Amino acid sequence: MYPKRIAAMLLACCSLFLFATLASAYPAHRAHTAPATETGLKPVQVFDVAAGKVIKTIPNDAQYQSFASSWVNSISGLAPQVTNDESCSYVYRVPLAKAVTIKTNDVSVTSDDLFLFYCKDKPPILLVFDEKRRPYLFLFKADIKPFLQKVGVPAS
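In this text the structure is predicted, and so the values were computed from the model without any measurement.

The rules behind these values
Residues numbered from 1 in each chain as written. Predicted model: local features only at pLDDT ≥ 70, side-chain atom pairs only at ≥ 80, totals over all residues. Heavy atoms only, no water. Pairing = 2+ DSSP bridges. Helix = DSSP H or I, 4+ residues; strand = E, 2+ residues; numbered from the N terminus. Axes fitted to C-alpha atoms, helices over the stretch in contact; angles between N-to-C directions. Contact = heavy atoms within 4.5 Å.

### Side note on the sheet that holds strand 1 (residues 44-48)
Thought 1: Taken in spatial order, the seven strands line up as 2-1-4-5-6-7-3 in an open sheet, and their pairing is antiparallel. Each having just a single partner strand, strand 2 (53-58) and strand 3 (75-78) make up the two edges of the open sheet. When the angles between neighbouring strand axes are averaged without regard to direction, this sheet yields 35°.
Thought 2: Alignment of strand 4 (residues 88-104) against strand 5 (residues 107-119), held across twelve bridges, turns out to be antiparallel. Considered in strand 5, the bridge of Ile102 is made with Val109.
Thought 3: Against the sheet, helix 2 (residues 62-73) makes contact with strand 1, strand 2, strand 3, strand 4, strand 5, strand 6 (125-129) and strand 7 (135-140), and its axis sits at roughly 75° relative to strand 4, the strand it touches most.

As structure tokens, then:
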């Protein structure tokens with residue numbers, strides 16, 4: 001069973017995911033959502049776990065898509081059970097231009113959203129929801145430092 005802190009992060013990510021889904025389902029309410037970038041992509045969002053809310057919304061661009069692609073291409077497998085830890089402070093939502101299919105071992109997941117868990121001094125983890133909104137956690141090997149520098153959270 002997941003510790004309470006990880007469960008809270010998953011709940012927060014689910015909330016972001018569901019909010020985005022609902023916002024796109026009701027076009028009359030789009031004026032109240034964050035604007036899409038010139039590329040037509042939903043924005044990148046930074047969720048502060050301690051604050052329990054989205055603290056930054058950033059226009060999505062080709063560079064963010066490149067970062068996300070490198071993460072997906074370097075997936076090494078499913079993440080083991082995550083432990084309760086104060087070092088996991090941010091979750092980054094990166095909507096994709098087109099859905100990707102992640103295949104590892106006996107798991108195949110297709111999604112158009114990636115959630116990056118940033119835990120200081122620990123390997124990063126990707127959270128991906130499948131078509132039935134079931135969560136999957138993946139380990140990957142790509143360097144996230146350029147992404148963190150571009151986002152600016154946490155401040156270096």
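Read on for the rest.
### Observations regarding the side chain of Ser111
Thought 1: Tracing the backbone through its elements, the reader meets Ser111 in strand 5.
Thought 2: Not counting residues within four places of it along the chain, the set of residues in contact with Ser111 comprises Leu96, Ala99, Val100, Val128 and Phe129.

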